[in-house]
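Structural characterization, general
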Amino acid sequence: MNKKAWIIVILLVILLLAGIGYLGYSLKKEKKANQDMQELAALDKQEMEKEYQDFAAQYSEMKTFIKNDSIIAELTAEQERTQKLLEELKRTHASDAAEITRLKKELATVRAVLRSYVIQIDSLNRLNQNLMDENDRVRSQLAESNQQNQELTSQKASLSEKVAIAAQLDASGIRLTPLNKKGKAVKAMKDARTLDVSFVITKNVTASNGTRNVYVRITTPEGELLNGGGTFEYAGKQLAWSMRKAIEYTGEETALKLYWTVNEYLSGGQYNVSIFCDGQAIGSRNFTFEK
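How each quantity is defined
- Residues numbered from 1 in each chain as written.
- Predicted model: local features only at pLDDT ≥ 70, side-chain atom pairs only at ≥ 80, totals over all residues.
- Heavy atoms only, no water.
- pLDDT = per-residue confidence, 0-100.
- Helix = DSSP H or I, 4+ residues; strand = E, 2+ residues; numbered from the N terminus.
- Pairing = 2+ DSSP bridges.
- Axes fitted to C-alpha atoms, helices over the stretch in contact; angles between N-to-C directions.
- Buried < 20%, exposed > 50% of the residue type's maximum accessible area, 1.4 Å probe, protein only.
- Salt bridge = Lys/Arg side-chain N within 4 Å of Asp/Glu carboxyl O.

1. Observations concerning the confidence of the model for the chain
Summarising the model, the chain shows a mean pLDDT of 82, and 78% of its residues fall at 70 or more. Mean pLDDT values for the elements of the chain range from 63 in helix α4 (residues 142-166) up to 97 in strand β2 (residues 194-201).

2. Considering the sheet that holds β2
Spatial ordering of the open sheet is given by β1-β2-β7, a layout of 3 strands whose pairing is antiparallel. Strands at the two margins of the open sheet, each flanked by one partner only, are β1 (171-179) and β7 (254-261). Taking the axes of each pair of neighbouring strands and ignoring which way they run, one obtains an average angle of 15° across the sheet. Here 8 bridges tie β2 to β7, and the two strands are oriented antiparallel to one another.

3. Side note on the pairing of β2
Of all 8 residues in β2, 6 are buried; the element is thus mostly enclosed. Sheet topology places β1 next to β2; 7 bridges connect them, and they run antiparallel. By the bridge assignment for β2, Leu-179 is matched with Thr-194.

4. Observations concerning the pattern of salt bridges
By the definition in use, this model includes 13 salt bridges. Between Lys-50 and Asp-54 there is a salt bridge, and its shortest N-O distance comes to 3.1 Å. Here Asp-54 and Lys-50 lie together in helix α1 (residues 3-64), a separation of 4 residues that amounts to about one turn. Using a relative accessible area of 46% as the deciding quantity, one classes Lys-50 as partly exposed. One salt bridge connects Lys-190 with Asp-191, and the closest N-O pair in it is separated by 3.3 Å. For Asp-191, a relative accessible area of 33% gives the class partly exposed.

5. Points about unusual backbone geometry
Of note, the phi angle at Ala-235 is positive, near 55°, even though the residue is not glycine. Here Ala-235 lies in the loop between β4 (230-234) and β5 (237-241). With relative accessibility at 35%, the residue Ala-235 sits in the partly exposed group. Even without being a glycine, Asp-278 presents a positive backbone phi close to 55°.

Pasting the structure below:
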């Protein structure tokens with residue numbers, strides 16, 4: 001074999017080794033991204049299970065100090081429905097995105113129903129409190145009234161915990177729109193220069209008013225996060241966010257729009273948008289775009 005042929009063989013070997021090295025690196029990177037996504041999905045499923053368990057327990061507690069048989073029957077039915085959804089969630093694998101999304105929507109419905117009962121029971125308790133105050137003015141019933149007030153104080157403490165659960169915010173109408181350099185919507189991610197994320201934080205009269213930080217995470221089809229440079233706490237862990245916005249929440253429906261500037265090539269496929277506030281996941285949705 002002449003010298004020129006040897007050079008060609010050596011170059012081919014070098015190119016082959018480089019290709020093998022790059023393939024190994026890509027597989028390792030993809031494996032790490034998939035592992036991170038699986039861990040986050042498992043963490044999210046674990047948090048959902050805890051919420052379902054808490055809601056079922058709240059229904060049991062609420063029934064202990066309600067005398068109205070009709071309301072007790074309604075609470076029992078909702079408790080059984082919540083328990084059934086919890087069992088479905090336990091049987092669902094964390095990687096089953098469609099089923100997890102369905103059960104997450106059901107969780108938001110359960111929370112809304114529980115919130116309505118909290119408001120209803122709180123109204124009844126306020127009425128009872130007024131009656132107690134009137135009884136307090138009657139000296140002959142002072143001892144009995146004091147005992148009733150103590151019980152009511154205990155009930156209010158328990159109700160405060162339920163109100164905290166009912167006060168959790170929800171995000172609906174989540175949209176992810178790629179925009180070109182002229183600000184026009186496009187179908188292919190490769191043409192995007194800006195990502196427009198819009199959603200609505202629903203009305204919640206039980207939530208406290210004030211300033212809140214809302215965090216948005218955008219995950220690519222490869223499982224990588226479009227990083228915004230900061231982190232927030234969720235379920236005892238620090239998660240990176242893609243976008244963050246401080247809002248003044250008044251309990252009314254609040255529309256939000258955030259933008260992420262594209263500085264890299266984005267492939268087609270399925271993207272996920274997840275929204276967090278007050279240490280809770282308040283909304284999530286998947287979007288599929290052309291290559």
